[in-house]
Amino acid sequence: MKITVCIGSSCHIKGSRQVVEQLQYLIRDKVELAGTFCMGKCQQGVCVTIGDKFFSVSPDTVDEFFNENVLKKV
């Protein structure tokens, strides 16, 4: 499984750094984590994808996102 987090300007302002840090802590080598620049959905950021599925994640919802969309699948 590969999770990609947008680190473009808009998502950075909305907390993408904190999202990445929290995911790094939660993942612990279970999945690949990558960064990318703008995904084109800046109004919905922090933009995160798993495969071709899009998610809007904030620093406050990282744990919920991880438990529902990653942990159950690894």
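In what follows, the structure referred to is the one given above.
Source: prediction; values computed, not measured.

Right, let's talk about the overall build of the chain for a bit. Counting secondary structure elements, the chain contains three helices and four strands. Listing every helix and strand of the chain by position from the N terminus yields β-α-α-β-β-β-α. In summary, the chain has a C-alpha radius of gyration of 11 Å against a globular reference of 11 Å for 74 residues, a match within 12%. A separation threshold of at least 6 residues defines the contact pool for the chain, and within that pool the share at least 24 residues apart is 70%. Carbon and sulfur atoms make up 47% of the accessible area of the chain, which totals about 4,600 Å². Considering the chain, the positive charge centre built from 9 side chains and the negative charge centre built from 8 side chains are found 3 Å apart.

What follows concerns the sheet that holds strand β4 (residues 53-56). Taken together, the four strands give an open sheet; going across it, the order is β2-β1-β3-β4, and neighbouring strands pair in mixed fashion. The open sheet is flanked by β2 (32-36) and β4, the only strands paired with a single partner. Across the sheet, the mean angle separating the axes of adjacent strands is 25° when strand polarity is ignored. Where strand β1 (residues 2-6) meets strand β3 (residues 47-50), three bridges bridge the pair, whose relative direction is antiparallel. What sits directly across from Thr4, in β3, is Thr49.

It is worth spelling out helix α3 (residues 62-69) at this point. Listing the buried residues of α3 in full gives Val62, Phe65, Phe66 and Asn69. Here the buried residues of α3 occupy an arc of 100° about the axis, which is enough to place them on one side. Where α3 is buried, its residues contact α2 (16-27), β3 and β4.

Below, the discussion takes up the packing of α2 against α3. Look at α2 against α3: their axes get within 10 Å of each other, and the N-to-C directions meet at 45°. Comparing the axis directions of α2 and α3 gives the class oblique. Handedness of the α2/α3 crossing: right-handed. Residue-level contacts link Val19, Gln22, Leu23, Leu26 and Ile27 of α2 to Val62, Asp63, Phe65 and Phe66 of α3.

Rules and cut-offs
- Residues numbered from 1 in each chain as written.
- Predicted model: local features only at pLDDT ≥ 70, side-chain atom pairs only at ≥ 80, totals over all residues.
- Heavy atoms only, no water.
- Helix = DSSP H or I, 4+ residues; strand = E, 2+ residues; numbered from the N terminus.
- Rg over C-alpha atoms; globule rule 2.2 N^0.38 Å.
- Contact = heavy atoms within 4.5 Å.
- Areas by Shrake-Rupley, 256 points an atom, 1.4 Å probe, with all protein chains shown as cover.
- Lys, Arg positive; Asp, Glu negative; His and termini not counted.
- Charge placed at Lys NZ, Arg CZ, Asp CG, Glu CD.
- Pairing = 2+ DSSP bridges.
- Axes fitted to C-alpha atoms, helices over the stretch in contact; angles between N-to-C directions.
- Buried < 20%, exposed > 50% of the residue type's maximum accessible area, 1.4 Å probe, protein only.
- Arc of directions from axis to C-beta.
- Parallel < 35°, antiparallel > 145°, perpendicular 65-115°, else oblique.
- Left-handed = near helix turned anticlockwise from the far one by under 90°.

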